[in-house]
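Now for the letters of each chain:
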Amino acid sequence: MSTPKFLDLPPGVRRVDLDLSYGPVAALRALPVSGGAELAPAVLVHGFTGSKEDFIALLQTLAQGGREVVAVDLPGTYGSPGPETLTPPPGVQAPDYRLASLGEVVAEVVEQVGGRMPVHLVGHSFGGLVVRETALSGMVDLASLTLLCSGPAALPGQAAMRVRTLIAALSVDPSPERLEELWEERFDAEARQRTPDEGVRSFLHDRLVRSSALALLRCAEDLLGARDRVEELAGLRLPTLVMYGENDDAWEPSLQEDMAKRLDAKRIVVPGAGHSPNVEAPETTASAFTAFWNEVESVGRR
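In what follows, the accompanying structure is described. (Residues numbered from 1 in each chain as written. Predicted model: local features only at pLDDT ≥ 70, side-chain atom pairs only at ≥ 80, totals over all residues. Heavy atoms only, no water.)

1. Considering the packing of aromatic side chains
Here is the rule we go by: Only Phe, Tyr and Trp rings are paired, with Trp represented by its six-membered ring, and only when their centres lie within 6.5 Å; those with planes under 30 degrees apart are stacked, over 60 edge-to-face, the remainder tilted. Under the scheme used here, helices are H or I runs from DSSP no shorter than 4 residues and strands are E runs no shorter than 2 residues, and both carry numbers assigned from the N terminus. For every residue, the accessible area obtained with a 1.4 Å probe (protein chains only) is divided by the maximum for its type, and the residue is called buried under 20%, exposed over 50%, and partly exposed between those limits.
Going through the model one piece at a time under the given rule, you end up with two aromatic pairs. Between Tyr-78 and Phe-203, the aromatic rings sit 5.4 Å apart at their centres with planes inclined by 85°, giving edge-to-face as the arrangement. Taken together, the residues span a long stretch of sequence, with Tyr-78 in the loop between strand E4 (69-72) and helix H2 (99-114) and Phe-203 in helix H6 (residues 198-210) at a distance of 125 residues. Assigned by exposure class, Tyr-78 and Phe-203 land together as buried. Ring plane angle 35° and centroid distance 5.6 Å describe the contact between Phe-289 and Trp-293, whose orientation is recorded as tilted. With Phe-289 and Trp-293 both in helix H11 (residues 282-301) and four residues apart, this pair spans about one turn of that helix.

2. As for the sheet that holds strand E5 (residues 119-124)
Worth spelling out the cut-off: Two strands pair under a simple rule: DSSP has to find at least two bridges between them. A fitted line through C-alpha atoms represents every axis, and for helices the fit uses only the stretch in contact; the resulting angles, taken between N-to-C directions, go from 0 to 180 degrees.
With mixed pairing, eight strands are arranged side by side in an open sheet as E1-E2-E4-E3-E5-E6-E7-E8. Strands with a single pairing partner mark the edges of an open sheet, and in this sheet they are strand E1 (13-19) and strand E8 (266-270). With strand direction ignored, the average angle separating the axes of adjacent strands in the sheet is 20°. Note that strand E3 (residues 42-45) and E5 share four bridges and pair parallel.

3. Overview of the environment of Gln-158
Here Gln-158 is to be found in helix H4 (residues 157-171). Sequence separation between Gln-158 and Trp-251 is 93 residues, and the spatial gap between their C-alpha atoms is 9.8 Å.

4. Some details on the packing of H2 against helix H3 (residues 126-137)
This is how the line gets drawn: Put simply, angles under 35 degrees are roughly parallel, angles over 145 are roughly antiparallel, angles from 65 to 115 are roughly perpendicular, and the rest are oblique. Contacts were defined at the residue level, with two residues in contact if any of their heavy atoms lie within 4.5 Å. Only Asp, Glu, Lys and Arg are considered charged, only Ala, Val, Leu, Ile, Met, Phe, Trp, Tyr, Cys and Pro nonpolar, and every remaining residue, Gly among them, polar.
Where H2 meets H3, the axes come as close as 7 Å, and the angle between the chain directions of the two elements is 70°. Classed by the angle they form, the pair H2 and H3 counts as roughly perpendicular. Contact with H2, carried on its side by Leu-99, Ala-100, Leu-102, Gly-103, Val-106 and Ala-107, involves Phe-126, Leu-129, Val-130, Glu-133 and Thr-134 of H3 and no other residues of that element. Residues that form the contact of H2 with H3 fall into these classes: eight nonpolar, two polar and one charged.

5. Structural notes on empty space enclosed by the protein
Put simply, the rule reads: Put simply, the grid is 1 Å and covers the protein atoms alone, a cavity is a trapped set of points that fit a 1.4 Å probe, a pocket is an open set with protein on both sides within 12 Å along at least five of seven lines, and lining residues have an atom within 4 Å of a point. Grid points are joined across faces, edges and corners, and a volume is the space filled by probe spheres set on the points.
By the definition in use, this model includes one cavity of 30 Å³ or more. Taken as a whole, the largest cavity holds about 200 Å³ of empty space. Forming the walls of the largest cavity are 21 residues, and the residues nearest its centre are Phe-48, Thr-49, Gly-50, Ser-211 and Leu-216. Counting only elements with at least two residues in the lining of the largest cavity, the list comes to helix H5 (176-194), H6 and helix H7 (213-225). Class assignment of the residues belonging to the lining of the largest cavity gives a composition of 12 nonpolar, eight polar and one charged.

Set out below in structure tokens:
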């Protein structure tokens with residue numbers, strides 16, 4: 001459960017809805033407070049049980065580098081309605097919460113944000129598996145790919161055990177009422193350990209119970225069932241950054257280091273950070289993203 005330290009939107013950041021083919025997706029859109037957004041834009045995708053607010057501490061800094069930055073809620077997450085609550089236009093297939101369909105949703109976001117310009121795409125944790133699908137789909141032109149605290153395949157170890165517990169708790173009754181029960185049984189205590197801020201805890205509650213229980217269930221299943229597609233991704237020869245906290249407790253740092261080697265990717269380890277450097281070390285994370293993106297664009301201009 002990524003836990004933002006604050007929720008007030010910084011200058012230059014606003015809440016928007018992106019109208020996609022099947023329905024709206026909630027987003028935070030950041031633009032430079034001064035100057036133009038002349039550089040390639042970026043799209044940020046959250047992890048399992050996360051949301052666009054997981055990137056809130058990065059957005060102003062990233063945008064001030066001279067680019068538009070958009071963080072989205074995946075379908076069925078917090079501010080983005082799920083397909084079970086929408087009626088898509090005739091001939092449009094709604095996402096089914098599986099990795100491939102979420103990757104296609106992100107591709108549509110990239111196309112809308114980028115227009116004719118390639119986009120830098122970032123995925124945190126489960127979001128890394130999603131953006132990998134976007135890249136492999138070949139549907140959009142990407143400037144670069146960043147895998148933040150994500151791994152080569154299914155989530156392993158103790159982190160996987162926690163996800164299995166959630167699947168067991170939801171599979172019999174994937175309903176809003178069951179999510180409310182799970183908050184009381186499990187997530188409230190975890191939230192109290194993570195933050196003393198009542199406003200942030202209230203947000204964490206709302207994010208969980210306003211999300212689709214079916215979306216959480218399907219994403220959890222794919223988080224445990226994702227296959228290794230690193231060789232396919234390496235074949236794209238897309239500029240890639242693998243970045244993670246030195247104390248990441250989801251995919252072990254050694255797994256991510258090996259993945260970076262297989263991808264021939266740039267690798268950055270954030271000292272003192274765990275599974276969410278975007279929250280725990282936002283300035284370091286924003287600086288690393290900006291430096292990587294600028295390097296990619298500089299090489300592209302030669």
